[in-house]
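Close look at the chain arrangement
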Amino acid sequence: MDVDTRLLRYFVAVAEEGTLTRAAERLFVSQPALTKQIKQLETRLGVRLFTRSRTGMALTEPGRALAERVPGLLADWDQVLREAKSAAGRAARVLRVGFLASAANEATPRIITEFTRRRPGWRADMRQATWSNPSAGLADGDVDVALLRLPFPGQDALRTAVLFTEPRWVALPTGHPLATCDLIAFDDLRDEPFVAAPPESGWWRDHWLAVDERDGHPVTIGAVTDQPDDWLSAIANGYGIAFAPASAARFYARPGVTYRPVSGISPSRVGVAWSPADDTDPVVQDFVRCCLDHGPRPGENSA
């Protein structure tokens, strides 16, 4: 009998959260869809896993037995997948490098050049991820190392090193009343609709909405996008504004979108990240050292 690992992950979420509502929120799925998946798992196993009540979902005896073993099973399976994918890359002498948006800005070509100098015959395969995958594939084992923006969900389980910081600016429709200002106060932007990343990006989304700096002031979401081009289109079309790294003014210049500095908001951090399992991997560590030694030069980390 085959059981989809996705069903097991849904089971674990319900078992840990205790209610379908909280588990559905954690998984970013609808409650009816989650209920259907749990029933499907019970049907395949031929046992009842939960007792449903108004207060939540209580594990049955078979459910408790499954809950004790499944998290470890899933962790082992994830590790096996990571090792298999990594072994394939090593055999081909390819280092898989995930990245978001502009990666390490102007420093990226220098980092890649230095890596190929240190590792003759090796190639850095650059793989751009969507914003709904803010670890750039590292958390799933799809890449060996990643250049990304901090913080991101799952960061505590990985190794990270900060390469540089840069101010967060705001991207506005060119016709916006504030677009002519030389400097915009964060307080003047609190009530504006924002173009946001998908909810599953978690902390990363919250960072780019400046949730921690709003003192509880709610965020108005005007649009949700997962790619830079869609993000720029939403801003240019007036669906909302968005915070962005200062370097976006260089890398994502577009007619209809104006970038302006913002006061009263913390900067953005760019880092290199890798799995703790690769602390002793010489190829991964060579790439990390290239990032640290050949990162941005003065003037490159600000616009």
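Model, not experiment: these values are computed from the prediction. (Residues numbered from 1 in each chain as written. Predicted model: local features only at pLDDT ≥ 70, side-chain atom pairs only at ≥ 80, totals over all residues. Heavy atoms only, no water.)

**Observations concerning the overall build of the chain**
Note the threshold: Under the scheme used here, helices are H or I runs from DSSP no shorter than 4 residues and strands are E runs no shorter than 2 residues, and both carry numbers assigned from the N terminus. Summary of the burial criterion: residues with accessible area below 20% of their type's maximum are buried, those above 50% are exposed, and those between are partly exposed, where the area comes from a 1.4 Å probe applied to protein chains only. Whether two residues are in contact is decided by their heavy atoms, any of which lying within 4.5 Å being enough. The Shrake-Rupley method, run with a 1.4 Å probe sphere, supplies the accessible areas, and residue values consider only the shown protein chains as cover. In this tally Asp and Glu are treated as negative and Lys and Arg as positive; neither His nor the chain ends contributes. Every charge is mapped onto a representative atom, which is NZ of Lys, CZ of Arg, CG of Asp or CD of Glu.
A tally of regular secondary structure across the chain gives 9 helices and 13 strands. Along the longest, intermediate and shortest principal axes, the C-alpha atoms of the chain span 65 × 50 × 30 Å. Classification of the 303 residues of the chain by burial places 46% in the buried group. Of the contacts formed within the chain by residues at least 6 apart in sequence, a portion of 74% connects residues at least 24 apart. Accessible surface, the chain: about 14,600 Å² in total, of which carbon and sulfur atoms supply 52%. Charge separation in the chain, taken as the distance between the mean sites of 35 positive and 38 negative side-chain charges, equals 4 Å.

**What to know about the nonpolar core**
Worth spelling out the cut-off: As used here, the term nonpolar core means buried Ala, Val, Leu, Ile, Met, Phe, Trp, Tyr and Cys residues forming a set that is joined through side-chain atoms within 4.5 Å.
L148, V170, L189, W231, F243 and Y259 are the most contacted members of the largest nonpolar core, which totals 44 residues. Mapped onto this core, the elements with two or more residues apiece are β5 (145-150), β7 (168-173), β9 (193-196), α6 (203-208), α7 (228-236), β11 (242-245) and β12 (257-263). The contacts of F243, once residues within four sequence positions are left out, are W169, V170, F186, L189, F194, W208, L209, A210, W231, V262 and I265. Among the nonpolar cores identified, the runner-up in size contains 25 residues, and V97, I111, F115 and A161 belong to it.

**Topic: the pairing of strand β2 (residues 56-59)**
Using the following cut-off: Two strands pair if DSSP finds at least two bridges between them.
As judged from the 4 bridges shared by strand β1 (residues 50-53) and β2, these two strands associate in the antiparallel manner. Bridged to F50 within β2 is L59. The loop that links β1 with its antiparallel partner β2 comprises 2 residues.

**Observations regarding helix α1 (residues 5-17)**
Cut-off, in case you're wondering: A helix's residues, less one, multiplied by 1.5 Å, set its expected span.
Across its 13 residues, α1 extends 18 Å between first and last C-alpha, which sits within 8% of the 18 Å expected from 1.5 Å per residue. Taken together, the buried positions of α1 are L7, L8, Y10, F11, V12, A13 and V14. Just past α1, the residue G18 takes up positive phi, approximately 85°.

**Some thoughts on the side chain of E166**
Mapped onto the fold, E166 is located in strand β6 (residues 159-166). For E166, a relative accessible area of 1% translates into the label buried.

**Overview of the sheet that holds β12**
Backbone-to-backbone hydrogen bonds pair the strands of a sheet. The strands run either parallel or antiparallel. Spatially, 4 strands are ordered β8-β12-β7-β11 in an open sheet, and the strand pairing comes out mixed. Since the sheet does not close on itself, it has two edges, and those belong to β8 (184-185) and β11, each with one partner. When β8 meets β12, the two strands line up parallel, connected through 2 bridges. Looking across to β12, one finds that A185 is bridged to S263.

**Concerning the pairing of β5**
With 6 of its 6 residues buried, β5 lies for the most part within the structure. Here strand β3 (residues 94-99) runs beside β5; their pairing, made up of 3 bridges, is parallel. Within the sheet, the bridge partner assigned to G98 lies in β5 and is A146.

**What to know about the sheet that holds β5**
The condition that has to hold: Interaxial angle, 0 to 180 degrees, is taken between N-to-C directions of lines fitted to C-alpha atoms, where a helix line uses only the stretch in contact.
One open sheet holds the 5 strands; their spatial order is β4-β3-β5-β13-β6, and the pairing between them is mixed. Bordering the open sheet on either side are β4 (123-128) and β6, each of which pairs with just one other strand. Ignoring strand direction, the axes of neighbouring strands in this sheet form an average angle of 25°. Where β3 and β4 come together, 6 bridges link them in parallel fashion. By the bridge assignment for β4, L95 is matched with A124.

**With respect to the packing of helix α5 (residues 107-118) against helix α9 (residues 282-293)**
Geometrically, a packed helix pair is captured by the angle between its two axes and the distance between the axes. Inclusion rule: Roughly parallel here means an angle under 35 degrees, roughly antiparallel means over 145, roughly perpendicular means 65 to 115, and every remaining angle is called oblique. Handedness of each helix crossing follows the sense of rotation of the near helix against the far helix: counterclockwise by less than a right angle gives left-handed, clockwise gives right-handed.
Between α5 and α9, the least distance of the axes is 9 Å, while the angle of their chain directions is 140°. On the basis of their axis angle, the class for α5 and α9 is oblique. Here the hand of the crossing between α5 and α9 comes out right-handed. Contacts between α5 and α9 pair I111, I112, E114, F115 and R118 from the former with V283, D286, F287, R289, C290, C291 and D293 from the latter.

**Examining the packing of α1 against helix α2 (residues 20-27)**
Note the threshold: Three classes are used: nonpolar for Ala, Val, Leu, Ile, Met, Phe, Trp, Tyr, Cys and Pro, charged for Asp, Glu, Lys and Arg, and polar for all others, with Gly counted as polar.
Relative to each other, α1 and α2 sit at 130°, their axes nearing to 8 Å. In terms of axis orientation, α1 runs oblique to α2. Considering the relative orientation of α1 and α2, their crossing is right-handed. Packed against α1, whose contacting residues are Y10, V12, A13, V14, E16 and E17, the element α2 presents L20, R22, A23, R26 and L27 at the interface. Counted by class, the contact of α1 with α2 contains 7 nonpolar, no polar and 4 charged residues.

**What to know about a nonpolar patch on the surface**
The line we're drawing: The patches reported here contain residues having more than 30% relative accessible area and no salt bridge. Joining distances are 9 Å for like charges and 5 Å for nonpolar side chains (Val, Leu, Ile, Met, Phe, Trp, Tyr). The term salt bridge refers to a pairing of a side-chain nitrogen on Lys or Arg with a carboxyl oxygen on Asp or Glu at a separation within 4 Å.
Where nonpolar side chains cluster on the molecular surface, the patch consists of W77, V80 and L81 and spans about 250 Å² of accessible area. Take L81: it is sitting in helix α4 (residues 61-91).

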